[in-house]
Every structure is written in C-alpha cells, then in structure tokens.
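Coordinate analysis (summary)
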Amino acid sequence: MTSRAATRATGPVGTVTRGTTNPNRLRRMDRWIAAVHGAELRRATDPVAVDLGYGAAPWTAVELLHRLRTVASRARVVGVEIEPARVAAALPYQRDGLVFRHGGFEVPVTPRPHLIRAANVLRQYDEAEVAGVWERLCARLAPADGLSRGGLLVEGTCDEIGRRHVWVALGPEGPRTVTFATRLGSLHRPSDLAERLPKALIHRNVPGEPVHAFLRDFDRAWAAAAPYASYGARQRWMRAVRGLTADWPVTDGPKRWRQGEVTVAWGALAPRG
C-alpha cells in the first residue's frame, strides 16, 4: 500500500473522497449483486454487507439494505466512511439492519462481511495502488468453506445518475469477473462505457491491452447487430453480446443481457504485465 492509501497507523486507512452521491445511482450494481450473490447471503448465518465510502449522504446504504432484503431477509448493512462528519450526518438514518461506522479500507466490521461494495471509491487513486487495496479488502471478506465461495467485493465506477457502470467482482481469492451495465437507451456504442472503467482498467484501454480489444470487438458486434435495432436497443444488445461469446469468455446469459449487462471472466481482460 502506498503512502497515498494510508493514513496514521492508528487511524482509518484511505483518503477522503469527493463524496458525490445521488439517490438510485447504484441501482444497476445492486440489482446485479442481488441476482448473483443473493443465494450466498441467504445461506449465511449473519449476512453483513458493507457500503464502503458511501459519500456525503447515506442514500446508497439505505437503498442497498432495501435491495438486499428482497433476496436475503436477514441481511444487515454497515455504511463505512473515512470522513467523520459524513458518519455523523448519516446517524439519523440508522434503523434495524442499518448502521454507520467511521473507517476505511481496514473495514472495521464484525463478523467479516459477506459483501463489500466500493463504488466510485478508487477513481481518485493511482492505478498502482489498486492491487494493494483489493488485497486488503479481499482479506476482510468472509472466507470460503465447503458450502460457500466466500464473501464478494464489488469495486467499480458509474456516472452521476447511474446510467453506465463497469465493476470488478472479487472473492477472497482475488478478481473473478468484470461486468458492463448500461441503460440501453443512452448508449451510442458499447465503447461508450470505456469512460466508466474502474481504475484497474481505465488506463489500459489502449492498443495491445485486452480490455481495448474487448471493447473494439464489442463495437464490431454492435455494428453487425444493427438490423436488430428495429426491434429495440435491448434486442440489438443481446444479439451483440451473443456474437461476443464466440471469442470472449462471457460468464452470464440472456437473463442478465436483457438487463443491459454482460459479464466477462477477469482473466480475459486483466492488464498485461
């Protein structure tokens, strides 16, 4: 961990973010989490989720609790913020299943969480710092056992009103997948999502890097699927994603594609070197 990602040895680990937030901004990420990780949360004895770096207002933590409880009725959410004033401002929103704590990447939560969501937190960090932050956060996840793959870290970036997201999902063992999600009506071409790549990938969208090749191929598949536009952007997206599966390890299927999503194995997009 570099000096930028660390504070006093006795204090929270991390750097204060801008704190920009809006209601319903993370709905696409939350919807995906509920769909793919809901079963793990239901199996857990005490399913704890962390909204890490929720920002200047607690909307995203409040919404995360509501969305998780639709799939795991015993889920609890802990909002963690490194800025004490933001924690104080959030305290009136505490309720059954929702609390707020002062902290950072050390994630001062017990038991070890089954979910850590860190949205728009690493965008202001240097790329070289990402691996260390991921390692620290993954070490805080609930471990895998015979019945569970363990906790899930979801780290990524979205625009201000949640139309476009890209996130990486990681387990205790490290990165698993990358998900691209968008409101299809706002999309000109899939590479529009490049501006929302998470910090680990955003500077790798250059020739010779896998993520650049993926977005290039996605744009080509989108162009080839143009005749399906007469049936709507959803049908065009689904056809384009189906075309990608010939050359890229897409890990989800039509049910998720219909939501304006596609998930790809991390190993196929990981930065070279």
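Details of the structure are given in the entry above.
Residues numbered from 1 in each chain as written. Predicted model: local features only at pLDDT ≥ 70, side-chain atom pairs only at ≥ 80, totals over all residues. Heavy atoms only, no water.

**Re unusual backbone geometry**
- Cis geometry is found at the peptide bond from Thr110 to Pro111, where omega equals -5°.
- In this fold, Pro111 is placed in the loop between β3 (98-102) and β4 (115-119).
- Notably, Asn24 is not glycine yet its phi reads approximately 70°, a positive angle.
- Examined against the element boundaries, Asn24 turns out to sit in the segment before α1 (27-43). (Helix = DSSP H or I, 4+ residues; strand = E, 2+ residues; numbered from the N terminus.)

**Thoughts on empty space enclosed by the protein**
- For the structure shown, the criterion picks out 1 cavity of 30 Å³ or more.
- Taken as a whole, the largest cavity encloses approximately 90 Å³ of empty space.
- In terms of lining residues, the largest cavity is bounded by 13 residues, among which Thr15, Gly53, Ile82, Phe105 and Val121 are the most central.
- When its residues are assigned to classes, the lining of the largest cavity shows 6 nonpolar, 6 polar and 1 charged. (1 Å grid on protein atoms, 1.4 Å probe; cavity = no way out; pocket = protein on both sides within 12 Å on 5 of 7 lines; lining within 4 Å. Points joined across faces, edges and corners; volume = space filled by probe spheres on them. Nonpolar A, V, L, I, M, F, W, Y, C, P; charged D, E, K, R; others polar.)

**Some remarks on the sheet that holds β3**
- Read from one edge of the open sheet, 8 strands run β3-β2-β1-β4-β5-β6-β7-β8, paired in mixed fashion. Strands at the two margins of the open sheet, each flanked by one partner only, are β3 and β8 (261-265). Taken over all neighbouring pairs, the strand axes of this sheet differ in orientation by 20° on average, direction set aside. (Pairing = 2+ DSSP bridges. Axes fitted to C-alpha atoms, helices over the stretch in contact; angles between N-to-C directions.)

**Overview of the environment of Asp30**
- Here Asp30 is to be found in helix α1.
- The exposure class of Asp30 is buried, given its relative accessible area of 1%.
- C-alpha separation for the pair Asp30 and Leu64, spaced 34 residues apart in sequence, amounts to 6.5 Å.
- In this structure Asp30 touches Glu63, Leu64, Arg67 and Arg117, once residues within four positions along its chain are discounted. (Buried < 20%, exposed > 50% of the residue type's maximum accessible area, 1.4 Å probe, protein only. Contact = heavy atoms within 4.5 Å.)

**Section: helix α7 (residues 233-244)**
- End to end, α7 covers 17 Å across 12 residues, agreeing with the expected 16 Å (1.5 Å per residue, within 8%).
- Those residues of α7 not exposed but buried are Arg236, Trp237, Met238, Ala240, Val241 and Leu244.
- Looking at the buried residues of α7, the elements they touch are β7 (174-182), α6 (210-224), α8 (254-257) and β8. (Expected span 1.5 Å × (residues − 1).)

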